[in-house]
Amino acid sequence: MSHILGEDPRDNPVILGEPIIVDILRFDPETDIEPHLQRYVVPYRRRMSVFTLLREIYECQDGTLAFRNQQCGRGICGTCRCTIEMDGETRKNVKSCTIPLEPGKHIVIRPANGKIIRDLVVEF
Amino acid sequence: MRAAIEASTFGAEVILLTKGQAARSGATPMACPSYQAAFAMEDDRDSPGVAFEDTCYEGRYLGDENLIHALTHEATDRAMELRQYGVKYRLKENGNFLQVVHPGHSYERNLVILGNGYAMAAGLRREVLRQQNIQLMEDMVASRLLKDGDRIAGLIALDMRRGQLVAIKARSVILATGGYPELWRWTDTEPGLTGEGVYLAYLAGADLVDLEMMLFYPTGLCYPSEVEGTLVQYEGLLTDQYCHGVMLNGAGERFLPDKGPLPVRDVMMKLMFKEIEEGRATPHGGVYIDLRESPKTPQEIQSILRELDSLPYNQLTDLGVNVLEERIEVKPVTHYTLGGVRINEWAETTVPGLFAAGEVSGNVHGANRTSGNALAETQVFGRRAGIRSAEYARDNPAPAIDLAALQDEVKRVGDFLREKKHAVRPIDLKRKIKAIMHNHVYYRRDAQGLNKAIEALQSLRSDQVERIKAVGTPKIYNIEWEEAIEAVHMVDLAELVAAAALAREESRGHHWRKDFPAMRTAWEKHTIARRVDEQDYVITDAPVIRLKDRSLNRRAMDPNLQNLGVLTGYSQEYKSNR
């Protein structure tokens, strides 16, 4: 499935619900000693999964965000694995494309287990 | 990966580059479980010869028959090798392979791979890791092929993990990079399939063939948005042997032929687009598949889905859509690139030392492809390319690297990170290319639209390509940098596709012209796209390679399908001599 479905999402005036507040682990081995969390506030324009949330941030807010972008969209390939904190619960190494997000959620996204290449991209 | 295994077994030193993670990126892991091989487990009448005739006919006699012969006659042996690599097929109670019939197969011919294409790719990867002679390099985005005179000398790639360009010297290069469904908006394939392999071969001087032929898979989900484009197998959902669901238009009416077998993909996509075009679409622009109208019980359907391919349905269930209780919305999506790099039966391109196997190659299937032949193709031509490229590497001296070309490329790709006035983001360029292809080079084409597309792409190139700019830092795993490499090639490749579509003045298989609605005998030939120089290309043609005299030996179109009004020209020109 293509991630780029025509128009720039920012041109879409439809808002379905409260924005999602997300803290994402950022780490660049060339410049950072320690990883840090960066906060994004993402408008809820369409039904989203955790993966499509990352796409939305990359497309509309921050082109420097690194995450694995080759994906099947079907929960098969596992390239979108990450660790998620949501509703007071931590879910390790889950496939982010299979996790739906409701409007107004606050989540934290960290990389899956493995050596970090950058941000959410790991060797596994 | 099959090519690497074969070349390594032959004794060659192999470097295997993958654009993402091996066995997790590219087309194969996302594939359905279908592998076509004429084992005749279900019906003794089947044979490689019958598979050959089926493939020629369903490809609308545009596939090169020497390639189809290799494909259909070697698919079984390659399937057995996959089994040695640990790939498992669904078995029957007696231990034989289960084989299922899909549209276009005369008999049950598809093996069902347990765990889909993902398991097949995983099996190949395990075998790659067992081989001593293969060095695997992942997250590598090829940006240019290098040449030494006429022959191939290696390539340049962006190493995403280190954030730098890498040059690799090689006596021979095999392209197994997949096609370019990502040139369009609606696709069920992996987003990395942006067509570099095809375009890099063109830049190196190789002939490209039948670029206008992009296969539309009839049923990609168009709702909900999390799974837009996900493929569901209509073959399993609609045929009476399996789920026996029905396809309905937005008004809830049936529109598929009520007699005869379920149509193959080119006919299906035309029938569906006709409903959509004529104002009978569903709320999200597709048609419905309704399993509630199946004569089978929900329990029966559930167990069939589990048998065939349950993954998309599990995901729909996670998203709150129960396919047994509500209808799903689907529309045709780009799925498989029929066109590509022109090869001979040994997977050799027209450039010495350059080979191509799988979807990246062009003249295998013709104007339409039946289910199961894509995975089989990767194995048959992967092995052939592996053998021949290893021989080539053994028999030829090491090439010299053209340092000037190397420096130019390092500068070109490095410049994507440089500050620019009125910079253009790679993703915005991709969006524009996809919009042009969607508006003018979609499933129905005409000269006016195709000319507009060519013009629009040329102006994109002159206006925007210079200004393309990825974020400058960090360099490691810089997605925008990768997208810049892809997008710049996509502009040129898209123009070649539009030009080939303009040249083919007929409708055949997945190429559907408004202004030339009929299939024409005179056009039973390939379009060839060839580079002339930096600025120019030519679109010319070449005959289809035949093993049989098709003026005498050709199958007639099913009369049930002829009467549907989407297959002009098939009836007049096609004689029945079967």
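Up top is the structure.
All values reported here derive from a predicted model rather than from experimental measurement. (Residues numbered from 1 in each chain as written. Chains lettered and ligands numbered in written order. Predicted model: local features only at pLDDT ≥ 70, side-chain atom pairs only at ≥ 80, totals over all residues. Heavy atoms only, no water.)

**Considering the pairing of strand β7 (residues 151–159) of chain B**
All names here are of chain B.
Okay, so step 1: Buried residues dominate β7, accounting for nine of its nine residues.
Okay, so step 2: The pairing of strand β6 (residues 140–148) with β7 spans eight bridges and is classified as antiparallel. Paired with D148 across the strands is R151, a residue of β7.
Okay, so step 3: Hairpin connection from β6 to β7: two residues lie between these consecutive antiparallel strands, with G149 at a positive phi of about 65 degrees.
Okay, so step 4: Relative to strand β8 (residues 164–169), β7 runs antiparallel, the two sharing six bridges. Along β8, the bridge assignment pairs A157 with V166.
Okay, so step 5: The loop that links β7 with its antiparallel partner β8 comprises four residues; one of these, G163, has a positive phi angle of about 70 degrees. (Buried < 20%, exposed > 50% of the residue type's maximum accessible area, 1.4 Å probe, protein only. Helix = DSSP H or I, 4+ residues; strand = E, 2+ residues; numbered from the N terminus. Pairing = 2+ DSSP bridges.)

**Points about the sheet that holds strand β20 (residues 537–543) of chain B**
All names here are of chain B.
Okay, so step 1: Within the open sheet, the four strands sit side by side as β15-β10-β19-β20. Their pairing is antiparallel. Only two strands of the sheet have a single neighbouring strand rather than two, namely β15 (340–341) and β20.
Okay, so step 2: In terms of strand pairing, strand β10 (residues 208–209) meets strand β19 (residues 525–531) through two bridges, oriented antiparallel. Considered in β19, the bridge of L208 is made with A529.
Okay, so step 3: Each of β10, β19 and β20 touches helix α14 (residues 479–503); the most contacted strand, β20, lies at about 50 degrees to it. (Contact = heavy atoms within 4.5 Å. Axes fitted to C-alpha atoms, helices over the stretch in contact; angles between N-to-C directions.)

**Some points on the interface of chain B and chain A**
Okay, so step 1: On the chain A side, the residues contacting the 49 residues of chain B number 44 residues.
Okay, so step 2: One can count four salt bridges joining chain B with chain A.
Okay, so step 3: One salt bridge in this structure joins R46 of chain A and E228 of chain B, with 3.7 Å as the shortest N-O distance.
Okay, so step 4: Linking chain B with chain A are 11 residue pairs in polar contact (both at pLDDT 80 or more), by the criterion used here.
Okay, so step 5: Where the side of chain B that touches chain A is concerned, the elements lending two or more residues are α4 (116–130), α9 (311–318), α12 (426–440) and α14 of chain B.
Okay, so step 6: Top contributing element to the side of chain B that touches chain A by residue count: α12 of chain B, with five residues.
Okay, so step 7: Residue classes in the side of chain B that touches chain A are distributed as 18 nonpolar, 12 polar and 19 charged. (Salt bridge = Lys/Arg side-chain N within 4 Å of Asp/Glu carboxyl O. Polar contact = N/O pair within 3.5 Å; in protein donor to acceptor, adjacent residues only side chain to side chain. Nonpolar A, V, L, I, M, F, W, Y, C, P; charged D, E, K, R; others polar.)

**Thoughts on the nonpolar core**
Okay, so step 1: Within the largest apolar cluster, 197 residues are counted, with the highest numbers of intra-cluster contacts made by L53 and I109 of chain A together with Y35, L183, M247 and I433 of chain B.
Okay, so step 2: Of the residues forming this core, the biggest block, 16 residues, is contributed by α14 of chain B.
Okay, so step 3: Discounting residues that sit within four places of it in the chain, I433 of chain B has contacts with L183, L457, L460, A487, M490, V491 and A494 of chain B.
Okay, so step 4: Grouped together as the second largest cluster of nonpolar side chains are eight residues, L215, Y336, L338 and V544 of chain B included. (Core = buried A, V, L, I, M, F, W, Y, C linked by side-chain atoms within 4.5 Å.)

**Some thoughts on the sheet that holds strand β11 (residues 214–221) of chain B**
Residue and element names in this part refer to chain B.
Okay, so step 1: One open sheet accounts for four strands, arranged β11-β14-β13-β12; its pairing is antiparallel. For this open sheet the edge positions go to β11 and β12 (246–248), each flanked by a neighbour on one side alone. Along the sheet, successive strands turn relative to each other by an average axial angle of 40 degrees, direction set aside.
Okay, so step 2: With three bridges connecting them, strand β13 (residues 287–290) and strand β14 (residues 328–337) associate as antiparallel partners.

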